[in-house]
Structures are given as C-alpha cells and as structure tokens.
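Reading the structure
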Amino acid sequence: MNRAFAATAVNFIGLQALWPVAVIGAVRQWAVPAWSVVMVMLVLLWALERNWRSDSRLLLAGALGCVLVEPLLMLTGLLRYATGGGAWWPPSWIWSLWLGFAVSFNYSLAWLHQRPRWAAMLGAVGGVVSVSMGIRLGAASAPLGWLPLALCYALLWAAVVPLLAAMSRREWEKAP
C-alpha cells in the first residue's frame, strides 16, 4: 500500500468517525473526543504524507469558515447549540468538525477538485442531512424552524464545499 493511499484511507476513516464522536460528545458535553479524532488524524496524515503546509492552509480556511458561517447562523437565531460556545461563538466541537472537514479536501474529498457541481450538490445535501441529524440527536436546535435552517444550510454549504475543493486544488497545482 502506498503512502498516499494510506493517508486517504486514514482521512476517510477519521472523517467518518469525527462527526458521530463530535455530535454525541456534544450531547454528553465532551469536547475532548472530537479533538482527539482530529489530532490523531492529523498526526497520522503528516506521518504518512508530510503535507503539513498545504494541510495547514486548509485548516486555516476551515477556521475562517467557522468564524464566518457559524456566528451568522447563531446570531440570526437559525441555529442554537445545546452545549458550549456562546451567543455567537461556536462551541469547541463545531470547530473540530470544520477543521477535520476542511483538511479532508487534500485526501478523501480530493475527488471533488474538478467537480464543482458535485461539490455544491453534496455540500447542500450533506449539510442539511448533517445539521438535521445533529438536531435529532440533541446537539442543536432550530429556534426558527427546520425549513429556514435547511434552506440556509443548503445555500451556505453549496458554496463552502466548492470553495474548499478549489482551494485544495490550487494547493495541489502549486506542489512540486
């Protein structure tokens, strides 16, 4: 097995583990398990690929996305997290999701680099499914109702996913 494939597999498994660990952890008021998944995933990725510069740029983009998107949802009353954070600052477990998701565009989500329509569609559908399941499990609520939140989430994530994919693609094009 080559190192690139191993890194993609590590990322895929880490990404699949991250969401349930973060959401269930949020319901139980545990932030550490989600951050542990992100940290283990990054350590393994960097041990395999040594791609930390490109990954760091995507981590920064994920942090910027969290700072821009989450307060918008929270301040408008579309979304309220059950634990952690504040009136406008996202809880720790949301940060872990943003960062783990963003770095995945260098690995298991790299197939979206050349497919902006797929990225937008998967962002819209995946975003709505994700937030709906999070609400259903008790990690968040939609004070203004599910439909306004779902519409907003679909639009936001239909933009965020193609942007992260394009950023990752540019990183790959710059690589030697």
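Structure: above.
Attention in this report is confined to the structure presented alongside it. Predicted model only: the values in this text are computed from it and were never measured.

Each helix and strand in the chain was counted, giving six helices and two strands. Reading the secondary structure of the chain in the N-to-C direction produces α-α-α-β-α-α-β-α. Compactness check: the chain gives a C-alpha radius of gyration of 16 Å against a globular reference of 16 Å for 176 residues, within 12% of the reference. In terms of overall dimensions, the chain has C-alpha extents of about 50 × 35 × 25 Å along its principal axes. Going through the 176 residues of the chain one by one, you find that 45% of them count as buried.

Counting residues in each nonpolar core, the largest one holds 50 residues, and the members touching the most others are Leu73, Leu79, Tyr81, Trp93, Phe105, Leu149 and Tyr153. Broken down by secondary-structure element, the contributors of at least two residues to this core are helix H1 (3-27), helix H2 (32-49), helix H3 (52-75), helix H4 (92-103), helix H5 (116-137) and helix H6 (146-174). Aside from chain neighbours lying at most four places away, what touches leucine 79 is Glu70, Leu73, Met74, Val131, Ala140, Ser141, Pro143, Leu149 and Tyr153.

To continue, consider H2. An α-helical turn contains 3.6 residues, so any two residues separated by three or four positions project in the same direction. Here H2 contains 18 residues, and its C-alpha end-to-end distance of 25 Å stays within 8% of the 26 Å for a straight helix at 1.5 Å per residue. Those residues of H2 that fall on the buried side of the exposure criterion are Ala34, Val37, Val38, Met41, Leu42 and Leu45. Down the axis of H2, the smallest arc covering the buried residues is 125°, so these residues share one side. The exposed residues of H2 that point more than 90 degrees off its buried face are Val32 and Val43. Among the structural elements, H1, H3 and H4 are those in contact with the buried residues of H2.

Contact geometry of H1 with H2 gives a least axis separation of 9 Å together with a crossing angle of 175°. In terms of orientation, H1 and H2 fall into the roughly antiparallel class. For the pair H1 and H2, the contacting residues are Arg3, Ala4, Ala6, Ala7, Val10, Asn11, Gly14, Leu15, Ala17, Leu18, Val21 and Ala22 in the first and Pro33, Ala34, Val37, Val38, Met41, Leu44, Leu45, Ala47, Leu48 and Glu49 in the second. Its residues assigned to classes, the contact of H1 with H2 shows 18 nonpolar, two polar and two charged.

For H4, built from 12 residues, the straight-helix expectation of 16 Å at 1.5 Å per residue is met to within 8% by its first-to-last C-alpha distance of 17 Å. Burial runs high along H4: 10 of the 12 residues are buried. Taken together, the buried positions of H4 are Trp93, Ile94, Trp95, Ser96, Leu97, Trp98, Leu99, Gly100, Ala102 and Val103. Where H4 is buried, its residues touch H1, H2, H3, strand S1 (80-81) and H6.

Cut-off values and rules
Residues numbered from 1 in each chain as written. Predicted model: local features only at pLDDT ≥ 70, side-chain atom pairs only at ≥ 80, totals over all residues. Heavy atoms only, no water. Helix = DSSP H or I, 4+ residues; strand = E, 2+ residues; numbered from the N terminus. Rg over C-alpha atoms; globule rule 2.2 N^0.38 Å. Buried < 20%, exposed > 50% of the residue type's maximum accessible area, 1.4 Å probe, protein only. Core = buried A, V, L, I, M, F, W, Y, C linked by side-chain atoms within 4.5 Å. Contact = heavy atoms within 4.5 Å. Expected span 1.5 Å × (residues − 1). Arc of directions from axis to C-beta. Axes fitted to C-alpha atoms, helices over the stretch in contact; angles between N-to-C directions. Parallel < 35°, antiparallel > 145°, perpendicular 65-115°, else oblique. Nonpolar A, V, L, I, M, F, W, Y, C, P; charged D, E, K, R; others polar.

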